[in-house]
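For reference, the chains in residue letters:
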Amino acid sequence: MKTEDLITLLATGAGAVAQPPAAQRYVVAVGWGAAGATLLMLLLLQVRQDLGQALLLPMFWVKVGFVASLAAGSLFAALRLSRPGAELNWVPVALALPVLGIWAIAAFTLIEAEPIERSKLFYGDTWKSCPLLIALLSVPVFAAVLRTMQDLAPTRPRLAGFAAGLLSGSVAAVVYCLHCPEMGAPFIAFWYLLGALIPAGVGALLGNSVLRW
Amino acid sequence: MQRINREAGFRAREDRLKDLLVRGLAGDNAAYQVFLTELSAHLRAFLRRRLVSLPDEIEDLVQETLLAVHNQRHTYDSAQPLSAWVQAIARYKLVDLFRRRAGHEMLNDPLEEDMELFTTADSDAAEARRDLNKLLADLPDQLRLPIMHTKLEGLSVREAAEMTGMSESAIKVGVHRGLKALAAKIRGIT
């Protein structure tokens with residue numbers, strides 16, 4: 001086929017492009033994924049019994065705020081990485097800020113604590129299961145976000161896969177907050193982040209094969 | 001002075017092509033066809049400089065990139081420079097080609113600059129080696145017939161729906177998926 005003929009083929013009946021903007025698609029994907037993660041959490045785990053009291057504690061909201069802003073940052077990253085030629089600009093900063101913030105709070109907590117309490121603040125009671133459960137809850141969001149990304153055009157598939165994974169991991173961590181009894185900043189700063197980084201790593205590995213177009 | 005001229009030329013072309021694409025995205029097929037035609041000349045020059053050792057691949061890759069631009073045109077945001085969008089797609093397809101060729105050639109791209117794509121053009125199209133008609137013929141009917149009727153024979157979606165007994169939305173989806181399947185086939189075989 002001559003290039004001229006291909007162009008005629010593509011242009012004939014091409015019509016107007018009426019597809020919802022990428023941001024809208026991602027919000028829908030995250031919404032469905034979060035619903036799936038919540039369902040998983042209710043089925044496999046349960047809501048922490050003292051949730052009503054926990055809601056009154058500032059630390060609970062520090063925890064939610066950390067993972068929610070990580071989710072927001074990675075949503076922007078996913079959006080930019082889905083469009084050819086879009087610059088990342090301030091997105092890495094938006095991702096680094098919540099991490100540095102929680103690390104600062106964690107460091108302050110550890111410095112202030114009695115030496116004997118430090119390991120309890122870091123390991124809590126659930127460090128073994130926390131990252132794996134967050135990774136497990138991230139599966140529905142991961143699938144929905146990756147599916148959306150496949151319809152767009154990531155030109156840096158590894159990085160795009162990483163962003164998709166981080167988005168799903170941090171949304172899953174928000175849901176996990178409803179179950180998790182841990183309230184120590186050092187615990188959150190390490191194990192929650194690790195939990196969100198597991199799907200991010202998987203995304204980076206899968207990116208090259210799954211996100212090609 | 002030369003630099004200023006070059007920049008002015010680039011601006012003019014960026015604005016012109018962007019205007020054509022935006023009109024095309026709004027449903028003006030004639031503007032869209034002009035856009036693709038002018039873009040193909042820029043792509044050819046851009047790829048020729050990078051495929052010095054693989055001259056036979058140039059026209060195939062021009063076609064593959066045009067198909068990608070078409071399939072992904074919904075990702076273009078008119079707030080974004082068109083050159084950046086198109087150049088990222090062209091580079092992605094180029095890297096993909098090198099990867100398929102098992103890394104025999106490395107992407108050697110010292111001329112990386114944003115203005116490059118639109119400041120050069122080459123309308124001397126060689127024959128593509130790959131025959132898209134053959135690939136098209138291999139698609140399953142529900143993808144092939146919508147493309148054949150609406151794109152090659154120029155029927156409207158409604159006429160194509162009547163002729164095939166498919167619904168109008170199945171025709172539209174068939175065209176969209178069919179062109180994506182075509183792009184996937186190209187990646188798979190070369």
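All figures in this text were calculated on a predicted structure; none of them were measured in a lab. (Residues numbered from 1 in each chain as written. Chains lettered and ligands numbered in written order. Predicted model: local features only at pLDDT ≥ 70, side-chain atom pairs only at ≥ 80, totals over all residues.)

S.K.: Please give an account of the overall build of chain B that cites residues and values.
M.R.: A count of helices and strands for chain B gives 9 helices and 0 strands. Starting at the N terminus, the α and β elements of chain B follow one another as α-α-α-α-α-α-α-α-α. For chain B, the C-alpha radius of gyration of 18 Å lies close to 16 Å, the compact-globule estimate for 190 residues. C-alpha extents for chain B along the principal axes are approximately 60 × 40 × 25 Å. Of the contacts made within chain B by residues no fewer than 6 positions apart, 68% connect residues no fewer than 24 positions apart. (Helix = DSSP H or I, 4+ residues; strand = E, 2+ residues; numbered from the N terminus. Rg over C-alpha atoms; globule rule 2.2 N^0.38 Å. Contact = placed C-beta atoms within 7 Å.)

S.K.: Residues and numbers for the interface of chain A and chain B, please.
M.R.: How large an interface is tends to be reported as the accessible area lost when its parts come together. The partner chain B presents 37 residues to the 25 residues of chain A that form the contact. By residue number, the principal contributor to the side of chain A that touches chain B is helix H1 (residues 3-11) of chain A, which donates 7 residues. The class makeup of the residues in the side of chain A that touches chain B is 15 nonpolar, 9 polar and 1 charged. (Nonpolar A, V, L, I, M, F, W, Y, C, P; charged D, E, K, R; others polar.)

S.K.: Residues and numbers for unusual backbone geometry, please.
M.R.: For Asn89(A), which is not glycine, the phi torsion reads 45 degrees and is therefore positive. Residue placement: Asn89(A) occurs in the loop between helix H4 (58-81) and helix H5 (91-112).

S.K.: Could you give an account of helix H9 (residues 185-210) of chain A, naming the residues involved and the relevant values?
M.R.: Spacing of three or four residues puts side chains on the same side of an α-helix, whose turn is 3.6 residues. For H9(A), spanning 26 residues, the distance from its first C-alpha to its last is 36 Å, which sits close to the expected 38 Å at 1.5 Å a residue. Of all the bends found along H9(A), the most pronounced is centred on Ala204(A) and spans about 30 degrees. (Expected span 1.5 Å × (residues − 1). Bend = angle between axes of the 7 residues up to and from the residue.)

S.K.: Residues and numbers for helix H7 (residues 130-150) of chain A, please.
M.R.: Its 21 residues give H7(A) an end-to-end C-alpha distance of 30 Å, which sits within 8% of 30 Å, the value for a rise of 1.5 Å per residue. Of all the bends found along H7(A), the most pronounced is centred on Val139(A) and spans about 40 degrees, while Pro140(A), a proline, follows it within four residues.

S.K.: How would you sum up the nonpolar core? Please name residues and give values.
M.R.: Core analysis: the biggest nonpolar cluster contains 60 residues, and Ala78(A), Ile134(A), Val141(A), Val145(A), Leu167(A), Val171(A) and Tyr176(A) have the highest contact counts within it. If you list the elements that add at least two residues to this core, you get helix H2 (22-44), H4, H5, H7, helix H8 (157-176) and H9 of chain A. Once residues within four sequence positions are removed from consideration, Leu167(A) is found in contact with Ala71(A), Ser74(A), Leu75(A), Ala78(A), Val141(A) and Val145(A). Core analysis: the second largest hydrophobic core is formed by 52 residues, Val69(B), Ala90(B), Leu97(B) and Leu145(B) among them. (Core = buried A, V, L, I, M, F, W, Y, C linked by C-beta atoms within 7 Å. Buried ≥ 20, exposed ≤ 12 C-beta atoms within 10 Å, placed from the backbone.)

S.K.: An account of the environment of Glu159(B) is needed here, citing residue identities and associated values.
M.R.: Secondary-structure assignment places Glu159(B) in helix H8 (residues 157-164). In sequence terms Glu159(B) and His149(B) are 10 residues apart; their C-alpha atoms lie 8.5 Å from each other.

S.K.: Go over the confidence of the model for chain A, please, and point to the residues and values.
M.R.: Residues at a pLDDT of 70 or more form 100% of chain A, whose mean pLDDT is 92. At the level of individual helices and strands, chain A shows its lowest average pLDDT in helix H3 (residues 51-54) of chain A, which scores 83, and its highest in H8(A), which scores 96. (pLDDT = per-residue confidence, 0-100.)

S.K.: I'd like a description of the packing of H1(A) against helix H2 (residues 29-50) of chain B, backed by residues and values.
M.R.: It is at 9 Å that the axes of H1(A) and H2(B) come closest, and there the two elements cross at 150 degrees. Relative to H2(B), H1(A) is oriented roughly antiparallel. Along this stretch, H1(A) crosses H2(B), giving a crossing that reads as right-handed. In contact with Thr3(A), Ile7(A), Thr8(A), Leu10(A) and Ala11(A) of H1(A), H2(B) contributes Asn29(B), Tyr32(B), Gln33(B), Leu36(B), Thr37(B) and Ser40(B). (Axes fitted to C-alpha atoms, helices over the stretch in contact; angles between N-to-C directions. Parallel < 35°, antiparallel > 145°, perpendicular 65-115°, else oblique. Left-handed = near helix turned anticlockwise from the far one by under 90°.)

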